[in-house]
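Structural overview
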Amino acid sequence: RPHEEIHAYMPGLGPTQPFHDPSSLELCKQLSENYDTIVSEYEALLEDMEAKRKDRFQSVTSMNYDSGWRTLVLFYNGHRIPD
């Protein structure tokens, strides 16, 4: 499919194929190299969630808004939202 039709297009993957070798993808390398940090952050999130009795997995958006973030959505599914 043309990349314009794909919501989560990742440039640089190369030719279309059913599976990619994880060792050839920089993202996979970084995730593997930082596994311990990722697990620690996840466990800290769970502890925080339990201590505050708040479900942090319900929505990333609500978590951001609760932290004071504000967003303005300009694109939806790869298409610019008209002014």
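Just so it is clear, the model here is predicted, and its values are computed rather than measured.

Quick look at the overall build of the protein
Each helix and strand in the protein was counted, giving 3 helices and 2 strands. Along the protein, helices (α) and strands (β) appear in the sequence α-α-α-β-β when read from the amino end. For the protein, the residues scored as buried account for 4% of the 83 residues in total. Summed over its atoms, the accessible surface of the protein is roughly 7900 Å², and 56% of this surface lies on carbon and sulfur atoms.

Examining a nonpolar patch on the surface
A grouping of Leu 27, Leu 31 and Ile 38 is seen on the molecular surface, where their side chains present a nonpolar patch of about 260 Å² in accessible area. Here Leu 31 lies in helix 1 (residues 26–33). For Leu 31, a relative accessible area of 44% corresponds to the partly exposed category.

Digging into helix 2 (residues 35–52)
Between the first and last C-alpha of helix 2 there are 26 Å, a value that for 18 residues agrees with the 26 Å anticipated at 1.5 Å per step. One or two steps after helix 2, the chain reaches Arg 53, where phi turns positive at roughly 50°.

A few points about the confidence of the model for the protein
Averaged over all residues, the pLDDT of the protein is 76; the fraction at 70 or higher stands at 67%. Mean pLDDT across the secondary structure elements of the protein bottoms out at helix 3 (residues 60–66), with 67, and peaks at helix 1, with 91.

Reading guide: rules and limits
- Residues numbered from 1 in each chain as written.
- Predicted model: local features only at pLDDT ≥ 70, side-chain atom pairs only at ≥ 80, totals over all residues.
- Heavy atoms only, no water.
- Helix = DSSP H or I, 4+ residues; strand = E, 2+ residues; numbered from the N terminus.
- Buried < 20%, exposed > 50% of the residue type's maximum accessible area, 1.4 Å probe, protein only.
- Areas by Shrake-Rupley, 256 points an atom, 1.4 Å probe, with all protein chains shown as cover.
- Patch = residues over 30% accessible without salt bridge, like charges linked within 9 Å, V, L, I, M, F, W, Y side chains within 5 Å.
- Salt bridge = Lys/Arg side-chain N within 4 Å of Asp/Glu carboxyl O.
- Expected span 1.5 Å × (residues − 1).
- pLDDT = per-residue confidence, 0-100.

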